[in-house]
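Each chain, written out:
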Amino acid sequence: MALRGDWVYENNGGTCVAIAGADYTVVAADTRLSVGYSIYTREFSKICTLADKCVLASSGFQGDMKALQKNLCARHLIYQHQQNKKMSCPAMAQHLSNTLYYKRFFPYYTFNILGGLDNEGKGCVYTYDAVGSYERVGYSCQGTGGTLIMPVLDNQLKSPSPLLLAARDAVTPLSESEAVDLVKDVFASATERDIYTGDKLEIIIVNAAGIRREFIDLRKD
Amino acid sequence: MEKARVDLPPKGGFSFDLCRRNEMLTKKGLQLPGFRKTGTTIVGLIFEDGVILGADTRATEGPIVADKNCEKIHYMAPNIYCCGAGTAADTEAVTDMVSSQLQLHRYATRRESRVITALTLLKSHLFSYQGHVSAALVLGGVDITGPHLHTVYPHGSTDTLPFATMGSGSLAAMAVFESKYKEGLTREDGIQLVGEAICSGIFNDLGSGSNVDVCVITKGKTDYLRNHQLPNPRTYISSRGYSFDRGHTEVLSTKITPLKLKAEVVENDAMEE
């Protein structure tokens, strides 16, 4: 792919996960930035706090991620000036989708997850593709380790009969500490098998009290 | 007058017969099957008493780790070992094949195998397959003529060196060697340096990882130190654990088919003798 003269993207690897709870949301991403078989840095944050109840995690091309974050933060500031209030998570979700689709024919090479609390204080997670198609879900994972983690989350978080409970309302019954424990374990497992995931795990917990950040070490090989 | 055509038996080496067919198929859009590469760091160095070989233990299939603890240091002869990088099947097959040939040779000559014998067998096999056998090897051993260390490339060229590295992590490992190698290292210093070079590959190259294997070969004795270092333990184990109770997976329907007829045993009187 990189042999073509016009290939402008690069995949910097990494994995992001988000889980929505009854009154909290957990958003986590590893901190490794890599290209090919090399590591650029072990301490790169893929998570950006856009508003006090709204957190964005992206994997993919980090150049585009930085540009996207700047764009969203600037637009959020304009919104605050014009509407005299902060953007809510569902509003930010729609806005992110519009921003991504705006560049439909030269996309942001980012795979995003937006996590936060909705207007009622319940946890919400929105998952995106590269051009802005989005859906509100109970949990999601993106990135190189996403395919390794998704089946485990499906098994642990999906309610017994998916026919009974629509995905929209599927906030997990797990408590906040149990969800964080699950996220840590699932990342440790993904790190074992995905070469692009590792170094450190950054976990952000959004609840009524605000935003809390935690770090744990992952395998560095 | 018609000349009689003599069909010579194939002499071995790469047969180019199917290359045109394969090209035609790829043009039509067929995906050739991938193979597992080891994406490796392998090293060797010569110290005062012999040769030390080292390797990491990760085998990758693209971006996924296929084996977290594979063995990359292969046995060739009691006094000769070979580290392999490249396609895992190729390194296994070629080292097994040459190892068998060496054993037959030992029976025929009634002597300990020499490293250059293994080297010549490997290089002529790899050359005749024109690089399609993707095996990059670090071959080391101690024989009657002394300690030897060679590198063998997939196309069949070889180098004879005092210290060598191969694989995707070779640059990281070579940086350590170039910085710290000197002639006449002791056994402890040599093992320490090999461990450092492999760790450099493990932590800086994404294709290498997990543990360090070391093999020390001296005159008359070989020590295969499998998992000499384990610098990558799992960082987090959930204390909650996972339970899968009945009902976790929905049972949609149940059907029981008895395979054997149940035989009823009726108590009878014991047989009269």
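Residues numbered from 1 in each chain as written. Chains lettered and ligands numbered in written order. Predicted model: local features only at pLDDT ≥ 70, side-chain atom pairs only at ≥ 80, totals over all residues. Heavy atoms only, no water.

A.B. asks: Describe the sheet that holds strand β2 (residues 50-55) of chain B, naming the residues involved and giving the relevant values.
C.D. replies: Residues and elements named next belong to chain B. The five strands lie next to each other as β10-β1-β2-β11-β12, forming an open sheet whose pairing is antiparallel. Where the open sheet ends on each side, the last strands, each with one partner, are β10 (163-166) and β12 (221-229). The sheet shows a mean angle of 10° between the axes of neighbouring strands, taken without regard to direction. Sheet analysis places strand β1 (residues 42-47) next to β2, joined by six bridges and oriented antiparallel. From the neighbouring strand, G44 faces β2, where its bridge partner is L53. Running over the sheet, helix α4 (residues 170-180) touches β1 and β10 and is turned about 160° from β10. (Pairing = 2+ DSSP bridges. Helix = DSSP H or I, 4+ residues; strand = E, 2+ residues; numbered from the N terminus. Axes fitted to C-alpha atoms, helices over the stretch in contact; angles between N-to-C directions. Contact = heavy atoms within 4.5 Å.)

A.B. asks: Break down the nonpolar core for me, citing the residues and quoting the values.
C.D. replies: Counting 37 residues, the largest nonpolar core has L45(B), I52(B), L53(B), F177(B) and V194(B) as its most contacted members. Those elements that place two or more of their residues in this core are β1, β2, β6 (80-86), β7 (135-143), β10, α4, α5 (187-204) and β11 (212-218) of chain B. With seven residues, the top contributor of residues to this core is α5(B). In this structure V194(B) touches V43(B), L45(B), I52(B), L53(B), G54(B), F177(B) and V214(B), once residues within four positions along its chain are discounted. Counting 25 residues, the second-largest nonpolar core is a separate cluster that includes L157(A), F187(A), A190(A) and I203(A). (Core = buried A, V, L, I, M, F, W, Y, C linked by side-chain atoms within 4.5 Å. Buried < 20%, exposed > 50% of the residue type's maximum accessible area, 1.4 Å probe, protein only.)

A.B. asks: Please set out the UniProt feature "active site" (unreviewed entry) in chain B residue by residue, giving values where relevant.
C.D. replies: Residue and element names in this part refer to chain B. The sites that carry the UniProt feature "active site" (unreviewed entry) are, in the present numbering, T40. Position of T40 relative to the elements: it lies in the loop between α1 (19-27) and β1. Owing to a relative accessible area of 1%, T40 belongs among the buried residues under this scheme. Leave out the neighbours within four places in its chain, and T40 touches D56, K72, G84, A85, M166, G167, S168, G169, D205, G207 and S208. (UniProt positions renumbered as here; feature names shortened; annotations may be inferred.)

A.B. asks: So what's going on with helix α1 (residues 62-83) of chain A? Which residues, and what values?
C.D. replies: In this model α1(A) runs 31 Å from its N-terminal to its C-terminal C-alpha over 22 residues, within 8% of the 32 Å that 1.5 Å per residue would give. One or two steps after α1(A), the chain reaches N84(A), where phi turns positive at roughly 60°. (Expected span 1.5 Å × (residues − 1).)

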